[in-house]
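These are the residues of each chain, in order.
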Amino acid sequence: MAPFSQKIWIKTYGCQMNSRDSDTLKALLIQARYLIVENEKEANIALLNTCSVRDLAELKALGKAGRLLKRKGKEPNFRVGILGCMAGRRGAELLKVLPNLDWIVPPQALSRVPSLIYETLTQNKQTATVADVPQAFDFTCYEQKLSPKPVLFVPVQQGCGMNCSYCIVPKTRGHQQNRPFASIVAEIRQATQQGTCEVILLGQIVNAYIDKDAKKNFVDLLEAVQEIDGIERIRFMSPHPSFFNDALVACFEHLHKLCPALHLPIQSGSNRILKLMRRGYTHESVLKLIKALRAVEPKISISTDLIVGYPSETEEDFEQTVSLFEEIGFDMAYIFKYSPRPTTEAASAEEIIPEAVKEERNQRLLSLLNASSIAYNETFVGTKQEVLIEGLAPHGENKLFGRNRYNKKVIFNGSSALIGSFKEVFIEKATSSALEGRLVD
Ligand code: SAH
Ligand code: SF4
Ligand code: F3S
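Predicted model only: the values in this text are computed from it and were never measured.

Peer 1: Before we move on, could you go through the packing of aromatic side chains and cite the residues and values that matter?
Peer 2: Using the criterion set out here, one finds nine aromatic pairs in the structure. Taking the centre distance of 5.5 Å and the plane angle of 80 degrees together, the rings of Tyr376 and Phe380 count as edge-to-face. The pair Tyr376 / Phe380 is uniform in exposure class, with both members buried. Among the aromatic residues, those joined into a ring-pair cluster are Phe137, Phe139 and Tyr142. Over the face of the ring belonging to Tyr13 we find Lys11, whose NZ or CZ atom lies 5.2 Å from the ring centre. Over the face of the ring belonging to Tyr406 we find Lys299, whose NZ or CZ atom lies 5.8 Å from the ring centre.

Peer 1: Tell me what's going on with the site of ligand 3, and back it up with residues and numbers.
Peer 2: Close to ligand 3 lie Gly14, Cys15, Asn18, Cys51, Ser52, Val53, Cys85, Arg173 and Gln204, which account for all nearby residues. In terms of residue class, the shell around ligand 3 is built from four nonpolar, four polar and one charged.

Peer 1: Please provide a residue-by-residue account of the site of ligand 1, values included.
Peer 2: By nearness alone, 14 residues border ligand 1, and Gln204, Pro265, Gln267, Asp305 and Ser339 come closest of all. A distance of 3.1 Å separates an oxygen atom of ligand 1 from a polar side-chain atom of Arg54. Measuring from an oxygen atom of ligand 1, one finds a side-chain N or O atom of Arg279 at 3.1 Å. A total of 550 Å² of accessible area belongs to ligand 1 in isolation, and the protein chains cover 90% of it.

Peer 1: Quick rundown of the sheet that holds strand β10 (residues 198-202)? Include the residues and the values.
Peer 2: Here we have three strands laid out as an open sheet, ordered β7-β10-β13, and parallel in their pairing. Single-partner strands in this sheet number two, and they are β7 (151-155) and β13 (233-237). This sheet shows a mean twist of 20 degrees between the axes of neighbouring strands, independent of strand direction. Both β10 and β13 contribute to a ladder of five bridges, which runs parallel. Paired with Leu201 across the bridge in β13 is Phe236. Sheet contacts for helix α1 (residues 16-31): β7, β10 and β13; angle to β7, the most-contacted strand, approximately 100 degrees.

Peer 1: Outline the sheet that holds strand β18 (residues 399-403), supporting the account with residue identities and numerical values.
Peer 2: Overall, mixed pairing links the five strands, which are arranged β17-β18-β19-β21-β20 in a closed barrel. Taken pair by pair, the neighbouring strands of this sheet meet at an average axis angle of 50 degrees, ignoring direction. Bridge count between strand β17 (residues 384-392) and strand β20 (residues 422-430): five bridges; the pairing is antiparallel. Residue pairing in the sheet places Lys384 in a bridge with Phe426 of β20.

Rules used throughout
Residues numbered from 1 in each chain as written. Chains lettered and ligands numbered in written order. Predicted model: local features only at pLDDT ≥ 70, side-chain atom pairs only at ≥ 80, totals over all residues. Heavy atoms only, no water. Phe/Tyr/Trp six-rings, centres within 6.5 Å; stacked < 30°, edge-to-face > 60°. Buried < 20%, exposed > 50% of the residue type's maximum accessible area, 1.4 Å probe, protein only. Lys NZ or Arg CZ within 6 Å of the ring centre and 35° of its normal. Near = heavy atom within 4 Å. Nonpolar A, V, L, I, M, F, W, Y, C, P; charged D, E, K, R; others polar. Polar contact = N/O pair within 3.5 Å; in protein donor to acceptor, adjacent residues only side chain to side chain. Areas by Shrake-Rupley, 256 points an atom, 1.4 Å probe, with all protein chains shown as cover. Pairing = 2+ DSSP bridges. Helix = DSSP H or I, 4+ residues; strand = E, 2+ residues; numbered from the N terminus. Axes fitted to C-alpha atoms, helices over the stretch in contact; angles between N-to-C directions. Contact = heavy atoms within 4.5 Å.

Written as structure tokens, this is what we have:
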């Protein structure tokens, strides 16, 4: 079958890094003259860009791949690939559970996908291709033109060099590699020509960014993006508390484009658990950091990631997380029940916390979160907020959504012609997850 008549459907699991990788991959495939389809049924090729961070994430992708391979059984020309983090973690071993796969491609080999598809089709290969992990990540793949977006995720790193005891990411995406400074700035400049006005700098430890050759660090990067005409808002995720310094805190004061919203994954409030996790900071140092941030930006929105039920977590340890939660008052948090990841240090721990206890701790944090997020969001009711309109809200006719500078989702009535522009919205209502209002004339 001629390679370029192929219709490719891509499904993405996991974090923003994966979702940006899928956008980049779509651009690479379009440039190589493949067709991208939104409807799985129309496709001859299905690619799953997978996540391994928790067991459930893998199970979802495995289930989907199993169903796609059943279809392959009936349609021999249909082809299926597993890309991304699960391909990185499991490699050829995936063939034991999914024997008829056509491609297994780790995140670092993303830019090779178009040529791997071409090879398989032109050679009519009937066996799987398992892509190797390249020594150096090809960051130029992120310089492809994407479809216009008001808000652009911009990867500044690949992989992670930290060794958190519970985490699989260093094994799925490899060690930390930093994107050249000039490549990042060039991509953002180019994106402004297509209407991008907000960028979210992405990396697993984004604030540890460094370009040794160009002698630039993360603060230099923020300062350089601040200078780019057309960019009105800058955000970044996810920073690591240990790599925060005074210069970065001060950026929230002197860089007016840097939004007053920070997603700071803290994981636990217990110093004993933080040590076992190898996070390198303490309950007290996190409180000090938040205090410093609030001193320069009193209303800054703080969100976090927390893990409950890490092996050996006692009621006292958990109480420390509750107390951190109460002391900080997060306006958003992602709470995860610990999921053992094979080959990580924590997976061999013996003092496993029962599921019921994890669930109970999860619920306790969720109810605290509900109260603190509503309290924060209500502070916007009765105010005018500048909103960058990102698209149509999923529910309701003529409903648009965007975000204010504090990263709060705002929903209101308006015409789709407004997508991509900044508008003032008067906030009438707050829930724990969003603000609702009306356009100001
Ligand atoms: N680089 C980021 C996190 C990336 S993974 C950081 O260091 O903060 C995203 C989130 O998944 C983590 O913040 C953590 O809360 C959660 N996570 C990672 N491994 C996990 C595991 N084994 N079980 C449950 N949650 C996990
Ligand atoms: Fe995982 Fe830790 Fe790296 Fe974050 S910093 S990706 S939690 S190893
Ligand atoms: Fe992201 Fe999941 Fe990989 S969280 S980095 S897609 S393991």
